[in-house]
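Now for the letters of each chain:
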Amino acid sequence: MLLQAKDFYVREWAKNGCLLVGDAAHCASPAGAVGVSLSVTTAVVAADVIYDALRDRDCSAGRLAAVQKCRDREIRSIHSMQDRAAKLMFSSSPFIRTWAPMFISFAAKTKLIRFVQRRLLVLPEPLAIHERFMF
Ligand SMILES: Cc1cc2nc3c(=O)[nH]c(=O)nc-3n(C[C@H](O)[C@H](O)[C@H](O)COP(=O)(O)OP(=O)(O)OC[C@H]3O[C@@H](n4cnc5c(N)ncnc54)[C@H](O)[C@@H]3O)c2cc1C
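In this text, all values refer to a predicted model and were calculated from it rather than measured experimentally.

With respect to the site of the ligand
- In the vicinity of the ligand, the residues found are Leu3, Gly22, Asp23, Ala33, Val34, Gly35, Val36 and Ser39.
- Note that an oxygen atom of the ligand is positioned 3.2 Å from one of the backbone N or O atoms of Gly35.
- Bound to the protein, the ligand loses 26% of the 1,000 Å² it would expose on its own.
- The residue inventory of the shell around the ligand, partitioned by class, reads four nonpolar, three polar and one charged.

What to know about the side chain of Asp48
- Relative to the elements of secondary structure, Asp48 occurs in helix H1 (residues 35–55).
- Exposure remark for Asp48: the relative accessible area of 18% places this residue in the buried category.
- Other than its neighbours up to four places away in sequence, Asp48 contacts Ala128, His130, Arg132 and Phe133.

Cut-offs used in this document
- Residues numbered from 1 in each chain as written.
- Predicted model: local features only at pLDDT ≥ 70, side-chain atom pairs only at ≥ 80, totals over all residues.
- Heavy atoms only, no water.
- Near = heavy atom within 4 Å.
- Polar contact = N/O pair within 3.5 Å; in protein donor to acceptor, adjacent residues only side chain to side chain.
- Areas by Shrake-Rupley, 256 points an atom, 1.4 Å probe, with all protein chains shown as cover.
- Nonpolar A, V, L, I, M, F, W, Y, C, P; charged D, E, K, R; others polar.
- Helix = DSSP H or I, 4+ residues; strand = E, 2+ residues; numbered from the N terminus.
- Buried < 20%, exposed > 50% of the residue type's maximum accessible area, 1.4 Å probe, protein only.
- Contact = heavy atoms within 4.5 Å.

Written out as structure tokens, the structure reads:
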């Protein structure tokens, strides 16, 4: 059986007392292998928001929605990049479809692919982590 390789984006991640994070909120396609990074980043943002919400005894949807607000741009931009990469791959000639995976697998063994990944798929600024979560 083939593994489904689709991205999705849940329209609203928060309800009163409930917050979706990681793949449950935004699943990425395999292009670029970024699922873990996106999920961990959302979890880091969520930790801050949930901490404050619990402290203030306000876990309303409005309050928890801050996580989606903060992550929306990056997730959508990565999804759109993955979408473009998939279209390029599937609309290209059989020659490219055959050789591109081999080239990518070869490039993965070099520093080139890591450089491209960092330039395209990693946040331009370090994530602002509250000092209470630093060890
Ligand atoms: C085949 C494959 C290869 C991948 N390769 C890569 C890769 O190379 N690089 C990369 O960055 N990403 C990769 N990903 C994506 C990556 O695995 C996910 O994006 C990431 O694991 C999402 O993390 P998460 O914590 O949101 O969800 P998960 O890692 O799916 O964690 C969810 C957890 O919740 C548990 N759970 C589910 N339902 C319940 C319930 N009702 N009660 C209690 N627990 C429950 C599950 O058992 C699971 O442990 C790959 C995914 C797949 C499927």
